[in-house]
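# Chains, contacts and geometry: an overview
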Amino acid sequence: GGIITQTPKFLIGQEGQKLTLKCQQNFNHDTMYWYRQDSGKGLRLIYYSITENDLQKGDLSEGYDASREKKSSFSLTVTSAQKNEMAVFLCASSIAANTGQLYFGEGSKLTVL
Amino acid sequence: SQWGEENLQALSIQEGEDVTMNCSYKTYTTVVHWYRQDSGRGPALIILIRSNEREKRSGRLRATLDTSSQSSSLSITAAQCEDTAVYFCATNTGANTGKLTFGHGTILRVHP
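Just so you know, these numbers come straight off a predicted model, no measurement behind them.

Proline 8 of chain A follows threonine 7 of chain A through a cis peptide bond whose omega is -10°. In this structure, asparagine 28 of chain A is a non-glycine residue whose phi angle is positive, near 65°. Relative to the elements of secondary structure, asparagine 28 of chain A occurs in the loop between strand E3 (19-25) and strand E4 (31-37). We classify asparagine 28 of chain A as exposed; its relative accessible area is 53%. Even without being a glycine, alanine 78 of chain B presents a positive backbone phi close to 50°. Its location among the elements puts alanine 78 of chain B in the loop between strand E7 (71-76) and strand E8 (85-92).

Shown next, in the form of structure tokens:
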């Protein structure tokens, strides 16, 4: 079996700061995703990448950049952290777009002071 | 509101009871995923039902799909304390786009 590793697990930043979250998968999956989960709410899609060198905006891409450096890694940047922002960012991968199961990482928790 | 922006719904039941969670979606989908999320973990797929299936079973889980009403349900038979988790449905909003959109989710608490 494979695993999705998200780093860091906890991230504390200052208002206005640029913050980057990283995600690695060893499933050899084509498609990777970044979702945001606010406390007590569902998941909202920020960016996804169908294959290496591809980048697609989700429903919540404003304020974020993403980069699919290679097939196994997908990073997400908060371009300017908002004060009192707190959310968990979840990375996921699937074998290919539209073929089924997403495998998720454990999440990266962001706190902005 | 956008799916995912809404607050999670909450259900509280006793061990041994059956429970059903519902999901309505707005756009065409070829598949409905049901995920379970345990506290502090990422979601994990528990059952997947395709648009050409009306019902799918896996152990104590049963998923249904009604494409005409754009709704799906997840039922758990004889719930156990370890079924306590958050449950989400998700749909692919357009064939071959790879875009999987999650519903608002249900917090299920099963009491002994």
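Of all hydrophobic cores here, the largest spans 21 residues; its most connected members are Trp34, Ile46, Tyr47, Tyr64, Leu76, Phe89 and Leu110 of chain A. When residues of this core are traced back to their parent elements, those giving at least two are E3, E4, strand E5 (43-49), strand E7 (64-70), strand E8 (73-78), strand E9 (86-94) and strand E11 (108-112) of chain A.

For sheets, the rule is that strands pair by backbone hydrogen bonds, running either parallel or antiparallel. Residues and elements named next belong to chain A. Across the sheet, which stays open at both edges, the 4 strands sit in the order E1-E3-E8-E7 with antiparallel pairing between neighbours. Both edges of this open sheet fall to strand E1 (4-7) and E7, since each of them pairs with a single strand only. In this sheet, adjacent strand axes meet at a mean angle of 15° when their direction is disregarded. The pairing of E3 with E8 spans 6 bridges and is classified as antiparallel. Across the sheet, the residue bridging to threonine 20 is threonine 77, located in E8.

As a further point, take the packing of aromatic side chains. One pair of aromatic rings is described through two measures. These are the centre distance and the angle between the planes. Tallied over the full model, the rule gives 10 aromatic pairs over all chains. Ring geometry for phenylalanine 27 of chain A against tyrosine 103 of chain A: centres 4.7 Å apart, planes inclined by 35°, an arrangement best described as tilted. Taken as a pair, phenylalanine 27 of chain A in the loop between E3 and E4 and tyrosine 103 of chain A in strand E10 (residues 103-104) lie far apart in primary sequence, 76 residues in all. Accessibility expressed as a relative area gives 23% for phenylalanine 27 of chain A, which makes it partly exposed. Consider the rings of phenylalanine 88 of chain B and phenylalanine 102 of chain B, whose centres lie 6.2 Å apart with planes at 80°: the pair is edge-to-face.

Space inside the largest pocket adds up to approximately 630 Å³. As for the largest pocket, its lining consists of 25 residues, and the residues nearest its centre are Gln37 and Val88 of chain A together with Gln37, Ser39 and Gly40 of chain B. The set of elements that each furnish at least two residues to the lining of the largest pocket consists of E9 and E11 of chain A together with E8 of chain B. No other element matches E9 of chain A, which puts 4 residues into the lining of the largest pocket. Looking at the lining of the largest pocket residue by residue, the class counts come to 9 nonpolar, 9 polar and 7 charged. A volume near 230 Å³ is recorded for the second largest pocket. Breaking the lining of the second largest pocket down by element, the ones donating at least two residues are E10 of chain A together with strand E4 (44-50) of chain B.

Conventions and cut-offs
Throughout, residues of each chain are indexed from 1 in the direction in which the sequence is written. Key to labels: chains lettered from A, ligands numbered from 1, both in the order written. It should be noted that, the model being predicted, local features are given only for residues of pLDDT at least 70 and side-chain atom pairs only at 80 or more, the latter also being counted only at that level, while totals for whole chains, interfaces and linings use all residues. For the side-chain quantities, the full set of heavy atoms in the structure was used; hydrogens and water were omitted. Starting at the N terminus, helices and strands are each numbered in turn, a helix being any DSSP run of H or I of at least four residues and a strand any DSSP run of E of at least two. Categorising residues by exposure relies on relative accessible area from a 1.4 Å probe, with only protein chains included: less than 20% of the type maximum marks a residue as buried, more than 50% marks it as exposed, and the intermediate range marks it as partly exposed. Take the buried residues of types Ala, Val, Leu, Ile, Met, Phe, Trp, Tyr and Cys, join any two whose side-chain atoms come within 4.5 Å, and each joined set is a nonpolar core. We treat two strands as partners when DSSP finds at least two bridges between them. Only the stretch in contact is used when fitting a helix axis, every axis being a line fitted to C-alpha atoms; angles between N-to-C directions are given from 0 to 180 degrees. Classification of ring pairs rests on two measures: the distance between centres of Phe, Tyr or Trp rings, Trp counted by its six-membered ring, which must be within 6.5 Å, and the angle between planes, read as stacked under 30 degrees, edge-to-face over 60 and tilted in between. The definitions used throughout rest on a 1 Å grid laid over the protein atoms alone, on which a cavity is an enclosed set of points accommodating a 1.4 Å probe that cannot get out and a pocket is an open set flanked by protein within 12 Å on both sides along at least five of seven lines; lining residues are those having an atom within 4 Å of a point. Grid points are joined across faces, edges and corners, and a volume is the space filled by probe spheres set on the points. Residues are grouped as follows: Ala, Val, Leu, Ile, Met, Phe, Trp, Tyr, Cys and Pro are nonpolar; Asp, Glu, Lys and Arg are charged; every other residue, Gly included, is polar.

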